[in-house]
Amino acid sequence: MAAVTIKVRENGPYRITGPFHLIDADGNAYELPEGETVALCRCGRSATKPFCDKSHRSSGFNATERAAR
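In this convention, every chain numbers its residues from 1, walking through the sequence in written order. Since the coordinates come from a predicted model, pLDDT governs what is reported: local features require at least 70, and pairs of side-chain atoms require 80 or more to be given and counted, while whole-chain, interface and lining totals use all residues. Side-chain metrics rest on all non-hydrogen atoms present in the structure, leaving aside hydrogens and water.

J.: Sorry, what's going on with the layout of surface pockets here?
T.: Rolled over the atoms, a probe with the dimensions of a water molecule shows which regions are left empty. A pocket here means an open set of points on a 1 Å grid, computed over the protein atoms alone, that has protein on both sides within 12 Å along at least five of seven lines. A cavity is instead a set of points where a 1.4 Å probe fits but cannot get out; residues with an atom within 4 Å of a point line either one. Grid points are joined across faces, edges and corners, and a volume is the space filled by probe spheres set on the points. Approximately 170 Å³ is the volume found for the largest pocket. Forming the boundary of the largest pocket are Arg9, Glu10, Asn11, Gly12, Pro13, Arg15, Thr37, Ala39, Cys52, Lys54, His56 and Arg57. For the lining of the largest pocket, the per-class residue count stands at 3 nonpolar, 4 polar and 5 charged. Note that Gly is not counted as nonpolar here; it falls among the polar residues with everything else outside the nonpolar set of Ala, Val, Leu, Ile, Met, Phe, Trp, Tyr, Cys and Pro and the charged set of Asp, Glu, Lys and Arg.

In structure tokens form, the structure reads like this:
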């Protein structure tokens, strides 16, 4: 089975690739496109939460965190 990768995009969403399930607070699974990458909102302004709709681009969202080396 392929590994799941979550990439933190600079000033943007979380980009998730690999086989995974996305479950809401009530335990319901979101319908996800099979084999495609999914972007999850980090800025909080998306109209399609939890998915990114690129609102971060016009909202001035700034997040440049890096993992410790």
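Still more ground to cover, so stick around.
J.: Looking at this structure, I do not really get the pattern of salt bridges. What am I missing?
T.: Side-chain pairing between opposite charges can occur once the charged atoms of the two side chains come close. Salt bridges are counted wherever a side-chain nitrogen of Lys or Arg sits within 4 Å of a carboxyl oxygen of Asp or Glu. Inspection of every chain in the model, using the stated rule, returns 2 salt bridges. We note a salt bridge from glutamate 10 to arginine 66, for which the minimum N-O separation is 2.6 Å. Here arginine 66 lies in the segment after helix H1 (56-59) and glutamate 10 lies in the loop between strand E1 (5-8) and strand E2 (14-17), a separation of 56 residues in the sequence. Buried residues are those whose accessible area, probed at 1.4 Å on protein chains only, stays under 20% of the maximum for their type, while exposed residues exceed 50% and partly exposed ones sit between those limits. A relative accessible area of 47% places glutamate 10 in the partly exposed class. Close ionic contact of glutamate 65 with arginine 42 constitutes a salt bridge, the shortest N to O distance being 3.3 Å. Secondary structure elements are defined from DSSP: runs of H or I of at least 4 residues count as helices, runs of E of at least 2 residues count as strands, and each element is numbered from the N terminus.

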